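Each chain, letter by letter, is given below.
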Amino acid sequence: MASIAAPTTASHASTEPENTGIWSWITTVDHKRIGTLYLWTALFFFIVGGFEATLIRTQLMRPNMGFVSAETYNQLFTMHGTTMVFLAVMPLSAAFFNFLIPLQIGARDVAFPRLNAFSYWVYLLGGIFITLPILFQVAPDAGWFGYAPLTTTRFSSGPNIDFWVLGLQILGISSLAAAFNFITTIINLRAPGMTLMRMPMFTWMSFVVQFLVILAFPPITIALFFLLMDRFFGTTFYAIAAGADPLLWQHLFWVFGHPEVYILILPAFGLVSEVLPTFSRKPLFGYNVMVYSGIMIGFLGFGVWAHHMFAVGMGAVADSIFSLMTMLIAIPTGVKIFNWIATMWSGEIRFTVSMKFAIALIAMFTIGGISGVMHSSPPADLQQTDTYFVVAHFHYVLFGGSIMGIFAGIYFYYPKMTGRHLNETQGNWHFWLNLIGMNLTFFPMHFSGLLGMSRRIYTYDAGQGFDMFNLLATYGTYLLVVATAVFVWNFIRSHTRGEIAGNDPWGAPTLEWSIPSPPPEYNFAKLPSVTSRYPLWDLNNPEMTSEIAHSAADAKVITDSHAVPMHIETETHTAKELGIPMPFPTAKPFVVAFSMVVMFCGLLFLRNDMFALSMTVTISGALVMVAGLYSWLTSPLE
């Protein structure tokens, strides 16, 4: 084993010229910079979605409010759901995919750096495309799941749904491009000795998520393509008078929609599974079972979609099958919760802000999970469906689960990303305000829902029992606004004024903490050779992993001509100095993404009797896209 240099309190400054300026960000193909772009952009859309939610809750604060019009309200609740699902939570997870996966598996980059950059630019431009119409009162207005035939031109003749259909198609391309890239990266670029069962839990959950994306997005792509053809070219895929099945959209959408829940929650599970062992000073309890439970969640996630449709009259047999599958999926989820608790049991717990958010996920997601099990019963679901009880349920799952886990990850990995700590005092204010505000916002919705308050209503009359619950929920939303403001201030201020962080400020066990903070462009000066799940604990504190039984294969030191035994790097140099070839920066992914979005924009003119303009814009965008793609694929990478 090579000698281990002592961890430093601050990473050494690189001798490489600083890569700054807008152009450097437009042309970057560095997975860490792309992860940073994802993080900042997704946090911006998170604030946009929160602002939309604040307007919604203000309108519902009291009976018969006239804060916004009914038309504006429809656009707000549609864009709130669309923004949070597709533009905030998924991309926040993607920020960690980009930044962490290569570092955790001991790779220098992702498999396809340019495709990685392309996926970000498609996400950004697609997000602008679908969000900008709200400024002109033509935003999507039919709910984030856009049920057809209500979204066909017969019932939604304006351009609102056009933006939604095209925008989701654009965003789907981004997600699929990223998914293929990360699957290839994890399968092919792991460091010597980094077997699948040694991968950090975040990488494992990310691996499962990429397969979910690849399998779940085609159904919604087909559904959106049918709707696009109906709206733009007069086909009758969703025309009931022409013999179409009125439930076709619902089946196609929810085959995507329920795996999407696990696409949103599994990355947060992975982040929490990194945080809890570090701050409990114990290996993750039941690693193998945690891996298998994550895979099982992904598998069973494709067998529960129709529990969203218990009210449509599928019949007793179908209802029973989907009811059973919904109950079964609670088992692997419960396994994770108990394993997290077992990880903390008898541990040397440090209650950092990151740890508090991780523990909050366990508690809040458990509440959401329990109400989810209630929805597995068709008789109960018939009473609760389309009420605020369901709104409370999925916000406890997605806000209490995904967002809490993502905040745990941000506080945990901010030192690695920036080289500086977030302020823990301000972080504690953020945590408590966030936790209290979340429960004050969403817990009363259980009661208003049980009293019969319907989802998506613009206003309500007094005397129905909803008044106090809506008032409390609105106050809770305002508290969440304050909490988010504290976080934003901390996040921005700490970027330049935060306490300097070293390689491994938390005493964490995995590969990403063995290199300087922030990591150099090439990640690892020499590729490590991995011999266990917790290489840094094995090096610095062998007793930390004494309870892990290593097989003979695990104990074998794997050698490679480009690999060295695991060690802690304390200095950075330029890639040129070390002789490490790195991909060239290029604007071609941006050009291809931009021209593709222009091509989609051309279709908007098709329904406004502007055929010539539509064809001109569409064909021009397509030609530039093809030319850019050809140049991209034929030019050298390094």
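The structure under discussion appears in the preceding block.
Residues numbered from 1 in each chain as written. Predicted model: local features only at pLDDT ≥ 70, side-chain atom pairs only at ≥ 80, totals over all residues. Heavy atoms only, no water.

Draft legend 1. Representation of the packing of helix α2 (residues 31-59) against helix α15 (residues 467-497) within the structure. Close contact between α2 and α15 brings their axes to 10 Å; oriented N to C, the two are set at 160 degrees. When the axis of α2 is compared with that of α15, the two are roughly antiparallel. Once α2 is placed against α15, the crossing between them reads as left-handed. Within the contact between the two elements, α2 uses L39, W40, L43, F46, I47, A53, T54, R57 and T58 and α15 uses N470, A473, T474, T477, Y478, V481, T484, F487, V488, F491, I492 and H495. For the contact of α2 with α15, the residue count by class is 13 nonpolar, seven polar and one charged. (Axes fitted to C-alpha atoms, helices over the stretch in contact; angles between N-to-C directions. Helix = DSSP H or I, 4+ residues; strand = E, 2+ residues; numbered from the N terminus. Parallel < 35°, antiparallel > 145°, perpendicular 65-115°, else oblique. Left-handed = near helix turned anticlockwise from the far one by under 90°. Contact = heavy atoms within 4.5 Å. Nonpolar A, V, L, I, M, F, W, Y, C, P; charged D, E, K, R; others polar.)

Draft legend 2. Representation of the nonpolar core in the model. In this structure, F96, W204, W249, L266, W340 and I410 are the most contacted members of the largest nonpolar core, which totals 178 residues. With 21 residues, helix α3 (residues 70-105) is the single largest residue contributor to this core. Those residues in contact with W249 that sit more than four places away from it in its chain are F145, G146, Y147, A148, W164, A223, L224, L227 and Y238. (Core = buried A, V, L, I, M, F, W, Y, C linked by side-chain atoms within 4.5 Å. Buried < 20%, exposed > 50% of the residue type's maximum accessible area, 1.4 Å probe, protein only.)

Draft legend 3. Helix α4 (residues 113-131), seen in detail. When the terminal C-alpha atoms of α4 are compared, their 27 Å separation across 19 residues agrees well with the 27 Å that a helix rising 1.5 Å per residue should span. Judged by how many residues are buried, α4 sits mostly within the fold: 17 of 19 residues are covered. (Expected span 1.5 Å × (residues − 1).)

Draft legend 4. Fine view of unusual backbone geometry. Note the cis peptide between A148 and P149, where omega equals 15 degrees. Structurally, P149 can be placed in the loop between α4 and α5 (160-188). In the segment running from S517 into P518, the intervening peptide bond is cis, with an omega of -10 degrees. Checked against the element boundaries, P518 lands in the loop between α15 and β1 (527-529).

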